[in-house]
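Each chain is listed here by its residues.
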Amino acid sequence: MAASRKTSAATQTAAADKPAAADKPAAAKKTAAAGKSAAKKAGGQKAAGGQKAAGNRLTPYEQKRDFAQTPEPSGRSRSGRARGTAKAPAGGPGHAPRFVVQRHRARRLHYDLRFEIDGVLVSWAVPKGPTLDPDVRHAAIHVEDHPIEYLDFEGVIPSGQYGGGDVIVWDTGTWEPHATDDPAAAVAAGDFHADLQGQKLRGRFILVRRGEPDRSGKEQWLLLHKHDEYAVKGWNPEDHPESVLSGRTNDEVKANPDRMWRSDLPPSKASVPVRDGGRSGQAGRMAAPRGGRARSTRRSAHSGGKATGEPDAGSDGPSADQLAALDALGSGGTWEVDGRRLRLTNLDKELFPPRPGEEPVAKREFIAYAARIAPVILPYLQGRPLNMNRYPNGAGTRGFWHKQLPSHAPEWIPRWDRPGASADEATTYLVVDEPAALVWAANFGALEWHAWTARADAPRCPTYALIDIDPGAATSWEDVLVLARLHRTALDHLGVRGQPKVTGRRGIQIWIPIAPGPSPAEVTAWVEQLSRAVGDVVPELVSWKWELRDRSGHARLDYTQNAGHKTLVAPYSPRPLAGAPVSAPIAWAELDDPALRPDSFTIRNIFARLAERGDLFRPVLDTTQVLPPIT
């Protein structure tokens, strides 16, 4: 392992200055200009937007492969026309381009890094793999372009075929070019900067060409990661061997490949699971779970995320035998729960640091919590797009919001295709319409679950009004309780029903069920009027400033959480803190209980509370209430 983190002094010197210079505006312009010139000379391409390649860019790829023998995609459409002959939209109209990293065991282990550029995957073979360690430079060899359909190729290339060996999708996501508006020109110029948003790889990566091609004509490059907020010293790709597509290692794929390429299907559906032997003729169809019938996973873009023909999503949670099977898994494996087979990974990884006197919470325990709490939380998530706050490396690391349902999500996962999404918005959301979908999200590293206040079938009609008492640095817990009690009094005066919950951090939130009808702007205005009336009673406790630094440590009554599709953490969702606290519903009377604390309920004790008190949040499901005018 130590050897993979080292590079020669000569190699480091060769790359030391050029990447840094490209971050400066003048250098960026110079690089872009040089790239455009080089592109014209090298490939006869136009310098910017809409360029066309000279000839078929996939010809080298095609000439090396016998598609009657290899399961790799041919890169040709159903009509037989070659792809990669012209610039295509990246990831669909208006969407960020995608990247993939495949861990490929051919004659030697290496990683294939591929960027979607101009309708093909521009590719490099990286023998030691990409790393988040900013002090490491790894060699990369520029290889032939691959077809876009290679993004989700995972399987075994037969021995004797080019690149024979097992392949997994080690990482995937989206990327943005840096310091250029023409990434093809930057590649041609030999200085390519990309900001990656993957499941394992994040931050700025730089590829720099080194001198002339070798004897075989292959260009030698260096790959490095910038010293940015995502950099991690000592990070080794071999410490993260699982596929993000199937959750399996290369050894497991080699022993039992579970995906194949169907050349008789459209490219968007051609990569199919082979649990049914690939005989069904429809991508994504699953074999029936043991003891049950097959469940259709066909979804309409207008069905609010519900799968047609699905059984009722109700569930009593996992059985004792199912929980025992989860405990019996090693670091990963397949778990059958609620009629679904889920591939789980890294089950022994610590996700939540321990509280004093306690053990840390490992992923296995978190998965079990998601399965057990699903029947309770499902009514608050069903039919609603879900924003996932992901911490793949645990609550002690930096998390990030993940709204777009990844392309590798199983076909059965309920989803909603958002109509009219703009270029910077997610197009497909997870909708937790069945318990197993929440378990999938938990395995995906989503430690927090935030559902929209509106349903997918009426995304501009919220069914909740939200009051968020967000404490500042100088706000005591008693101050939070004062603000919550004042809201209780105000709601009583108006005759409005609402339900409080502690956030699991330091605050309190109040959800008010409403009949669909008011727009988000109207709900925002109503909550603002209510909260400003409360704030006028105790102005010394409240700040209305937007920026945290301008609030002088005071609390903010954040009515803006009702705007657009902002969200608050769902009831019973964990929070990414030590001990895995949850956002727990409380009774109004508990605001007067001196023992109440905002983070005292955790994934380990919430079930005892549910057994004693029941689900205190159920009244918010009665969405017949009309908000009265505030006078």
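We now turn to the structure provided with this report. Treat the numbers as computed from the prediction; the structure is a model and nothing was measured. (Residues numbered from 1 in each chain as written. Predicted model: local features only at pLDDT ≥ 70, side-chain atom pairs only at ≥ 80, totals over all residues. Heavy atoms only, no water.)

Examining the sheet that holds strand 22 (residues 499-502)
Where strands meet in a sheet, backbone hydrogen bonds hold them as pairs that are either parallel or antiparallel.
Link 1 in the chain: Pairing is antiparallel across the open sheet formed by 4 strands, whose spatial order is 22-23-21-24. The open sheet has two edge strands with one neighbour each: strand 22 and strand 24 (556-557).
Link 2 in the chain: Sheet topology places strand 22 next to strand 23 (residues 508-513); 4 bridges connect them, and they run antiparallel. Looking at strand 23, one finds that Lys501 is bridged to Gln509.
Link 3 in the chain: Where helix 11 (residues 520-537) meets the sheet, it contacts strand 21 (464-470), strand 23 and strand 24, and its direction lies at approximately 40 degrees from that of strand 21. (Pairing = 2+ DSSP bridges. Helix = DSSP H or I, 4+ residues; strand = E, 2+ residues; numbered from the N terminus. Contact = heavy atoms within 4.5 Å. Axes fitted to C-alpha atoms, helices over the stretch in contact; angles between N-to-C directions.)

Considering the nonpolar core
Link 1 in the chain: Counting 93 residues, the largest nonpolar core has Ile373, Leu430, Trp440, Trp449 and Ile512 as its most contacted members.
Link 2 in the chain: Tallying contributions element by element places helix 8 (residues 363-381) first for this core, with 13 residues.
Link 3 in the chain: When neighbours within four sequence positions are excluded, Ile512 is seen to be in contact with Thr463, Tyr464, Ala465, Ile467, Leu491, Val496, Arg497, Gly498, Trp526, Gln625 and Leu627.
Link 4 in the chain: With 27 residues, the next largest nonpolar core counts Tyr111, Ala140, Ala186 and Ala194 among its residues. (Core = buried A, V, L, I, M, F, W, Y, C linked by side-chain atoms within 4.5 Å. Buried < 20%, exposed > 50% of the residue type's maximum accessible area, 1.4 Å probe, protein only.)

Quick look at unusual backbone geometry
Link 1 in the chain: For Ala179, which is not glycine, the phi torsion reads 70 degrees and is therefore positive.
Link 2 in the chain: Tracing the sequence through the fold places Ala179 in the loop between strand 6 (165-177) and helix 5 (183-189).
Link 3 in the chain: With a phi close to 55 degrees, Ala580 is a non-glycine residue in the positive phi region.
Link 4 in the chain: Secondary-structure assignment places Ala580 in the loop between strand 24 and helix 12 (606-613).

Quick look at the pattern of salt bridges
Link 1 in the chain: Tallied over the full model, the rule gives 32 salt bridges.
Link 2 in the chain: Among the salt bridges present, the one from Arg65 reaches Glu144, with a minimum N-O distance of 3.4 Å. Within this pair, whereas Arg65 is found in the loop between helix 4 (59-63) and strand 1 (98-105), its partner Glu144 is found in strand 4 (residues 138-147), the two being separated by 79 residues in sequence. Residues Arg65 and Glu144 agree in their burial class; the two are buried.
Link 3 in the chain: A salt bridge links Glu229 to Arg398; the nearest nitrogen and oxygen atoms lie 2.7 Å apart. Taken together, the positions of Glu229 in the loop between strand 9 (219-225) and helix 6 (250-255) and Arg398 in the loop between strand 16 (385-390) and strand 17 (400-402) put the pair 169 residues apart, joining distant regions of the chain. Across the pair, Arg398 and Glu229 agree in class, each one exposed.
Link 4 in the chain: A network of salt bridges, in which partner residues are shared, links Lys64, Arg65, Glu72 and Glu144. (Salt bridge = Lys/Arg side-chain N within 4 Å of Asp/Glu carboxyl O.)

A closer look at the packing of aromatic side chains
Link 1 in the chain: Per the counting criterion, the structure on display carries 23 aromatic pairs.
Link 2 in the chain: With a centroid separation of 5.1 Å and an interplanar angle of 55 degrees, the aromatic rings of Tyr150 and Phe153 are classed as tilted.
Link 3 in the chain: Residues Tyr464 and Trp511 carry aromatic rings whose centres are separated by 4.9 Å and whose planes lie at 45 degrees to one another, so their mutual orientation is tilted. Of this pair, Tyr464 sits in strand 21 while Trp511 sits in strand 23, placing them 47 residues apart in sequence.
Link 4 in the chain: The exposure class of Tyr464 is buried, given its relative accessible area of 2%.
Link 5 in the chain: Overall, the relative accessible area of 4% leaves Trp511 in the buried class.
Link 6 in the chain: An aromatic cluster of at least three residues, connected via ring pairs, comprises Phe115, Trp124, Trp175, Phe192 and Trp221.
Link 7 in the chain: When the ring centre of Phe400 is taken as reference, the NZ or CZ atom of Arg202 above it lies at 3.5 Å. (Phe/Tyr/Trp six-rings, centres within 6.5 Å; stacked < 30°, edge-to-face > 60°. Lys NZ or Arg CZ within 6 Å of the ring centre and 35° of its normal.)

From the geometry alone we can't say anything about function, so treat these as descriptive.
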